[in-house]
Amino acid sequence: DTEVTQTPKHLVMGMTNKKSLKCEQHMGHRAMYWYKQKAKKPPELMFVYSYEKLSINESVPSRFSPECPNSSLLNLHLHALQPEDSALYLCASSHPGGGEAFFGQGTRLTVV
Amino acid sequence: GENVEQHPSTLSVQEGDSAVIKCTYSDSASNYFPWYKQELGKGPQLIIDIRSNVGEKKDQRIAVTLNKTAKHFSLHITETQPEDSAVYFCAATAGGGGYQKVTFGIGTKLQVIP
């Protein structure tokens, strides 16, 4: 199994809503990542977890709250988002020592 | 931090011709250079990669070259097919600390004209 599974595939939320994005992998990877991708732009790193501990927060606003409950799961909790937060949110995983990062298909988020 | 420049931003080729995409990186600590293909509505998918101790790697119609001294690396696609149409991202990666930090180029939108 070389898949990273993200749910939901699409999400529309209001600015006062609370929602969560989920990511799951069963490749034994101990590094997991959240990226944000705007249209016609490359993915931008948001957060990195290594061995279930937050290693990098790229100055992401606190309305985005990551969580890594175990070595297979990664969540991104969303609260009080702005319309400019609408984007494709990608999860990825890799071996901590390096090599290929496997990406999920992403969650297309629209904030209304 | 790392900076990856990629060009061209768009590329149109006739089916059967070759396509070349070039990238440069700035951080000499980067040691792994993946290339990703992203189709519309999908996540990036690795198509080929190269490590800093290797100068060239080939996989069927796809090849990548790396000039570590000049900090240049390139993707070559031969005998292009319509299904090669997509956005291609080069990336530079430095490991350590139990994770790898991937810096992407801006992407190249490749159109293969039948």
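Fair warning: this is a prediction, and the values are worked out from it, not measured in the lab.

So, the sheet that holds strand β1 (residues 4-7) of chain A
Residues and elements named next belong to chain A. Reading across from one edge, β1-β3-β8-β7 is the order of the 4 strands in this open sheet, with antiparallel pairing throughout. Unpaired on one side and paired on the other, β1 and β7 (64-70) mark the two borders of the sheet. Within this sheet the neighbouring strands show an average axis-to-axis angle of 20°, counted without direction. Judged from the 7 bridges that link them, strand β3 (residues 18-25) and strand β8 (residues 73-79) form a sheet pairing that is antiparallel. Opposite Cys-23, over in β8, you have Leu-74 as the bridge partner.

Some remarks on the state of the cysteines
Tallied over the entire structure, the rule returns 2 disulfides over all chains. Sulfur-sulfur distance for the disulfide between Cys-23 of chain A and Cys-91 of chain A comes to 1.9 Å. In this structure the cystine formed by Cys-23 of chain A and Cys-91 of chain A twists about its S-S bond by roughly -70°; its chirality is therefore left-handed. A residue pair is termed long-range when its members are at least 10 positions apart, and Cys-23 of chain A in strand β3 and Cys-91 of chain A in strand β9 (residues 87-94) qualify at 68 residues. The pair Cys-23 of chain A / Cys-91 of chain A is uniform in exposure class, with both members buried. In this model, Cys-23 of chain B is linked to Cys-90 of chain B through a disulfide, with the two sulfur atoms separated by 2.0 Å.

Considering empty space enclosed by the protein
Over the atoms rolls a probe the size of a water molecule, and in doing so it shows where empty space is left. All names here are of chain A. Under the criterion given, the structure shown has 1 cavity of 30 Å³ or more. Of the pockets and cavities examined, the largest cavity occupies roughly 30 Å³. Lining the largest cavity, in full, are His-29, Arg-30, Ala-31, Met-32, Tyr-49, Glu-52, Cys-68, Asn-70 and Ser-71. Every element with two or more residues in the lining of the largest cavity is listed here: β4 (31-37) and β7.

Thoughts on the nonpolar core
Ranked by size, the top nonpolar core spans 24 residues in total, and within it Trp-35, Phe-73, Leu-75, Tyr-88 and Leu-110 of chain B carry the most contacts. Listed in part, the 23 residues of the second largest apolar core include Met-13, Cys-23, Val-60 and Val-111 of chain A.

So, the environment of Pro-42 of chain A
Note on placement: Pro-42 of chain A falls in the loop between β4 and β5 (44-50). Between the C-alpha atom of Pro-42 of chain A and that of Phe-103 of chain A, which follows or precedes it by 61 residues, the distance is 13 Å. What Pro-42 of chain A contacts, discounting residues up to four positions off in sequence, is Lys-36 and Gln-37 of chain A together with Phe-89, Phe-104, Gly-105 and Ile-106 of chain B.

Side note on the pairing of β7 of chain A
Residue and element names in this part refer to chain A. As paired strands, β7 and β8 are joined by 5 bridges and run antiparallel to one another. Paired with Ser-65 across the bridge in β8 is His-77. The antiparallel pairing of β7 with β8 creates a hairpin that spans 2 residues between the two strands.

What about the interface of chain B and chain A?
Taken together, the contact between chain B and chain A spans 19 residues of the former and 25 residues of the latter. Summing both sides of the interface, chain B and chain A together bury roughly 1,700 Å²; the carbon and sulfur share of this comes to 56%. When the buried surface of chain B facing chain A is broken down by residue, Tyr-99, Gln-100 and Phe-104 of chain B rank first, second and third, together holding 31% of it. One can count 1 salt bridge joining chain B with chain A. For the salt bridge of Lys-101 of chain B with Glu-58 of chain A, the shortest nitrogen-to-oxygen distance reads 2.8 Å. At the surface where chain B touches chain A, the tally comes to 10 residue pairs in polar contact (both at pLDDT 80 or more). Broken down by secondary-structure element, the contributors of at least two residues to the side of chain B that touches chain A are β4 (32-38), β5 (45-51) and β10 (99-104) of chain B. No other element matches the 5 residues that β10 of chain B contributes to the side of chain B that touches chain A.

Parameters and conventions
- Each chain carries its own residue numbering, running from 1 in the direction its sequence is written.
- Written order determines the labels here, with chains lettered from A and ligands numbered from 1.
- Local features are withheld for residues below a pLDDT of 70 in this predicted model, meaning they are given only at 70 or higher, and side-chain atom pairs are given and counted only at 80 or more; totals for whole chains, interfaces and linings count all residues.
- Excluding hydrogens and water, the side-chain figures rest on all heavy atoms present in the structure.
- Strand pairing follows a simple DSSP-based rule, namely that at least 2 bridges must link the two strands.
- Numbering of helices and strands starts at the N terminus; helices are DSSP runs of H or I of at least 4 residues and strands are runs of E of at least 2.
- For helices, the fitted axis covers only the stretch in contact; all axes are lines through C-alpha atoms, and the angles between them, taken along N-to-C directions, range from 0 to 180 degrees.
- Only a pair of cysteine sulfur atoms within 2.5 Å counts as a disulfide in this structure description.
- The rule is simple: take the accessible area with a 1.4 Å probe, protein chains only, and divide by the maximum for that residue type; under 20% is buried, over 50% is exposed, in between is partly exposed.
- With a 1 Å grid laid over protein atoms only, a set of points is called a cavity when a 1.4 Å probe fits there but cannot get out and a pocket when it is open yet has protein on both sides within 12 Å along at least five of seven lines; lining residues have an atom within 4 Å of a point.
- Grid points are joined across faces, edges and corners, and a volume is the space filled by probe spheres set on the points.
- The term nonpolar core refers to a set of buried residues drawn from Ala, Val, Leu, Ile, Met, Phe, Trp, Tyr and Cys, joined through side-chain atoms within 4.5 Å.
- The contact criterion used is simple: two residues touch if any of their non-hydrogen atoms lie within 4.5 Å.
- Summed over both partners, buried area is the accessible surface (1.4 Å probe) that two parts give up on being assembled.
- Definition used for salt bridges: Asp or Glu carboxyl oxygen within 4 Å of a side-chain nitrogen of Lys or Arg.
- Two N or O atoms form a polar contact when they lie within 3.5 Å of each other; inside protein one atom must be a possible hydrogen donor and the other a possible acceptor, and for residues adjacent in sequence the pair counts only when both atoms belong to side chains.

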